[in-house]
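# A structural walkthrough
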Amino acid sequence: MSATKPSEISPLMQALAGYIATALRRPLPAPVVEKTKHHLLDTVAAMITGARLPPGKMAISYVKKLGERKEATVAGSRLLTGVVHAALANGMLAHADETDDSHAGAMMHPGCAIVPAALAMAERGRASGTALLRAVTLGYDVAARLNMSLHGSHFRAVGHLTHCFGPMFGAAAAGAALAGLDSRQVRHVLSYTAQQASGLSTYMFDTDHIEKAFDFGGMPARGGVSAVTMVEAGFTGVEDVFSGERNFYVAFDESGRIGRAPQPEILARGLGTVYEIMNTNIKRWSVGSPIQAALDSLLELIRAHGVKAGDVEKVRVTVYASGANTVDNREMPDINMQQMCAVMLLDGIVTFRSAHDEKRMKDPKVAALRQRIELAGSEEMQQRLPERHGIVELTLKDGRHLRHHTTAVRGTAQNPMTHAEVDEKCYHLMTPVIGAKRSRRLCDTVWHIERIKDARALRPLLQA
């Protein structure tokens, strides 16, 4: 690739930076506003529940020791800290377990990085609820496009962690918009973000979910907000990190291994007309994404045929190959397929509490049932990604054979949860931490967030 003069800026960068710099002035279509509220509330609920889980406790303890000025809230606590540290902590809280949202096409969990970054910047800048919503929507748009421009699933397959890449750029875009940066400053923010872009799939070997919470939520949220605050402070940078000699896409060109060159043009494609938050999934169950379809299928069989654990001789679960590898007899219950299916059969449902009950991993009844659950990975389903299929086959002691194939998981873009379902999920998640009354107020406030003139109005509702 020929050298590009430092002063030259590609049309792609002009379009992207210009869109980010002016995003808060653009009204969103009503369905997009509603969907953004779903994801804002869903991520806030994940943050609050995460404050009581080991990764969340670790994050709160860590940023508490760092000190700093009191600019933003760490959810589920009384702690106020600087925006960078708040973004880090809340990002880890939001992915302290498997409650948060996901974008299948871009292979990422966008909310756990973008929402904490946007909340911190909005609180510091006393932004309106409308501005917060528009910044979050923008973050999802940039994050998804960045990963898709790298061919998400293929990029991840060779070892890069898409859960870090796109969300960091999304956090940076949301933060830059809320900081009121102009196009040139946005270009510099994107360059500082690109310099921080990293992430390895070794997170799968983390048995405590603490590094995973940092990788998926804390690191990208912190990186995006750091880039914004540095440029705010006067840092200058490269004018166009996406084009010219030795650019971002040259550094991460994996065409030799995946057979497809990056497509930078995707970064600006459809901005303002295609909103990626509409293609983002909310989890019905507080468990790992590969388990969602299996639990949907198992619940359908239980309800349709009155199946109880004692009736079952054998269970065979089939999901996409990489998903099966992720959730096969893992140490943590909420990402252990066999554990969650056993709990569903015994209880008739899976709750947040049962999904995180580590003691129950040693329960003889659960352990015995787990031994009768077989997990298979399907290459055919792998090729159908981002569609996440799941098949559950039950062999009953009376000789019956039951089968259910989920083709569209509840909560996905193809089968979205309703306003009422999201409200119910989030209310019940938050109540044990902040109480029923405050949980109800927080839900209602997010549903009507356009009425908020200052994001700090959320502060007393987020604290515990």
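Before reading further, recall that the structure is shown in the block above.
A brief look at the structure comes next. The structure displayed is predicted, hence computed values, not measured ones.

Here the focus is the overall build of the protein. Across its full length, the protein carries 21 helices and six strands. Over its C-alpha trace the protein gives a radius of gyration of 22 Å, about what one expects of a compact globule, namely 23 Å for 464 residues. Taken across its 464 residues, the protein has 61% of its residues classed as buried. A separation threshold of at least 6 residues defines the contact pool for the protein, and within that pool the share at least 24 residues apart is 77%. For the protein, the computed accessible surface area is about 18,000 Å², with 51% contributed by carbon and sulfur atoms. In the protein, which carries 54 positive and 47 negative side-chain charges, the distance between the mean positions of the two groups comes to 6 Å.

Turning next to the environment of Thr 351. Counting through the fold element by element, Thr 351 comes out in the loop between helix H15 (337-347) and helix H16 (352-355). Through-space distance from the C-alpha of Thr 351 to that of Val 287 is 9.5 Å; in sequence the pair is 64 residues apart.

Below, the discussion takes up the pattern of salt bridges. In total, this model carries 25 salt bridges according to the counting rule given. For Arg 184, the salt bridge goes to Glu 239, with nearest N and O atoms at 2.9 Å. One end of the pair, Arg 184, is in helix H9 (residues 183-196); the other, Glu 239, is in the loop between helix H10 (210-232) and helix H11 (248-251), with 55 residues separating them in the sequence. By relative accessible area, Glu 239 is classed as buried at 12%. Counted as one network, the salt bridges with shared partners bring together Lys 314, Arg 316, Glu 374 and Glu 393.

Right, let's talk about the pairing of strand S5 (residues 390-396) for a bit. Put simply, side chains in a regular strand alternate between the two faces of the sheet. Counting buried residues along S5, six of its seven residues qualify, which places the element largely inside the surrounding structure. Here seven bridges tie strand S3 (residues 312-320) to S5, and the two strands are oriented antiparallel to one another. Bridged to Val 315 within S5 is Leu 394. Pairing of S5 with strand S6 (residues 401-406), which is carried by six bridges, proceeds in the antiparallel orientation. Paired with Glu 393 across the two strands is Arg 403, which belongs to S6. Hairpin connection between S5 and S6: a loop of four residues separates the two successive antiparallel strands, and Gly 399 in this loop has a positive phi of roughly 100°.

The subject of this paragraph is unusual backbone geometry. Working note: non-glycine residues mostly have negative phi, and peptide bonds are mostly trans. Within the chain, Met 107 stands out as a residue other than glycine whose phi angle is a positive 55°. Mapped onto the elements, Met 107 comes out in the loop between helix H4 (83-94) and helix H5 (111-125). Judged by relative accessible area, which is 10%, Met 107 ranks as buried. Unlike most non-glycine residues, Arg 246 shows phi in positive territory, near 60°. Along the chain, Arg 246 turns up in the loop between H10 and H11.

With that settled, the discussion passes to helix H19 (residues 419-434). For H19, which comprises 16 residues, the first-to-last C-alpha distance of 21 Å matches the rise-based estimate of 22 Å (1.5 Å per residue) to within 8%. Restricting attention to buried positions, one finds in H19 the residues Val 422, Asp 423, Lys 425, Cys 426, Leu 429, Met 430, Val 433 and Ile 434. Contact partners of the buried residues in H19: helix H2 (30-50), H16, helix H20 (436-447) and helix H21 (459-462). Two residues or fewer after H19 comes Gly 435, characterised by a positive phi angle close to 90°.

What the four strands build is an open sheet, ordered S4-S3-S5-S6; its pairing is mixed. Two strands close off the open sheet at either side, each with one partner strand: strand S4 (373-378) and S6. On average, each strand axis in the sheet is tilted by 15° relative to the strand beside it, whichever way the strands run. Taken together, the six bridges between S3 and S4 define a ladder with parallel strand orientation. Each residue of the ladder has a partner; that of Arg 316, found in S4, is Glu 374. Along the sheet, helix H13 (residues 289-305) makes contact with S3, S5 and S6, crossing S6 at roughly 135°.

A word on the packing of H2 against helix H6 (residues 129-149). Between H2 and H6, the least distance of the axes is 10 Å, while the angle of their chain directions is 90°. The orientation of H2 with respect to H6, classified from their angle, is roughly perpendicular. On the side of H2, the interface is formed by Val 32, Val 33, Thr 36, Lys 37, His 39, Leu 40 and Thr 43, while H6 contributes Leu 132, Leu 133, Val 136, Thr 137 and Tyr 140. Looking at the contact of H2 with H6 residue by residue, the classes come out as seven nonpolar, four polar and one charged.

In this section: the environment of Gly 175. Note on placement: Gly 175 falls in helix H8 (residues 162-178). Measuring from C-alpha to C-alpha, the distance between Gly 175 and Ile 302 comes to 45 Å, with 127 residues separating the pair along the chain. Excluding residues within four positions of it along the chain, Gly 175 makes contact with Met 121 and Val 228.

Turning our attention to the packing of H6 against H8. Interhelical geometry of H6 versus H8 gives an angle of 145° and a closest axis separation of 7 Å. H6 and H8 meet at a crossing whose hand is right-handed. Taking contact as the criterion, the partners of Ala 131, Leu 132, Ala 135, Leu 138, Gly 139, Val 142, Ala 143, Leu 146 and Asn 147 in H6 are, on H8, Thr 162, Phe 165, Gly 166, Pro 167, Phe 169, Gly 170, Ala 173, Ala 174, Ala 177 and Leu 178.

What follows deals with the nonpolar core. One recurring pattern in soluble globular proteins is that nonpolar side chains are buried together. Core analysis: the biggest nonpolar cluster contains 114 residues, and Phe 242, Phe 248, Met 430 and Leu 442 have the highest contact counts within it. Val 287, Val 343, Val 392 and Leu 402 belong to the second largest nonpolar core, which has 34 residues in total.

Counted according to the given criterion, the structure contains eleven aromatic pairs. Pairing Phe 242 with Phe 248 gives two aromatic rings, centres 5.7 Å apart and planes at 80°, and the pair type is edge-to-face. Taking the relative accessible area as the measure of exposure, Phe 242 reaches 4% and is therefore buried. Taking the relative accessible area as the measure of exposure, Phe 248 reaches 4% and is therefore buried. An angle of 50° between the planes, with centres 5.6 Å apart, marks the rings of Phe 242 and Tyr 249 as tilted. Ring pairing ties together the aromatic residues Phe 155, Phe 165, Phe 169, Phe 242, Phe 248, Tyr 249 and Phe 252, which thus form one cluster. Against the face of Phe 216 rests Lys 212, its NZ or CZ located 4.2 Å from the ring centre.

Rules of the game
Residues numbered from 1 in each chain as written. Predicted model: local features only at pLDDT ≥ 70, side-chain atom pairs only at ≥ 80, totals over all residues. Heavy atoms only, no water. Helix = DSSP H or I, 4+ residues; strand = E, 2+ residues; numbered from the N terminus. Rg over C-alpha atoms; globule rule 2.2 N^0.38 Å. Buried < 20%, exposed > 50% of the residue type's maximum accessible area, 1.4 Å probe, protein only. Contact = heavy atoms within 4.5 Å. Areas by Shrake-Rupley, 256 points an atom, 1.4 Å probe, with all protein chains shown as cover. Lys, Arg positive; Asp, Glu negative; His and termini not counted. Charge placed at Lys NZ, Arg CZ, Asp CG, Glu CD. Salt bridge = Lys/Arg side-chain N within 4 Å of Asp/Glu carboxyl O. Pairing = 2+ DSSP bridges. Expected span 1.5 Å × (residues − 1). Axes fitted to C-alpha atoms, helices over the stretch in contact; angles between N-to-C directions. Parallel < 35°, antiparallel > 145°, perpendicular 65-115°, else oblique. Nonpolar A, V, L, I, M, F, W, Y, C, P; charged D, E, K, R; others polar. Left-handed = near helix turned anticlockwise from the far one by under 90°. Core = buried A, V, L, I, M, F, W, Y, C linked by side-chain atoms within 4.5 Å. Phe/Tyr/Trp six-rings, centres within 6.5 Å; stacked < 30°, edge-to-face > 60°. Lys NZ or Arg CZ within 6 Å of the ring centre and 35° of its normal.

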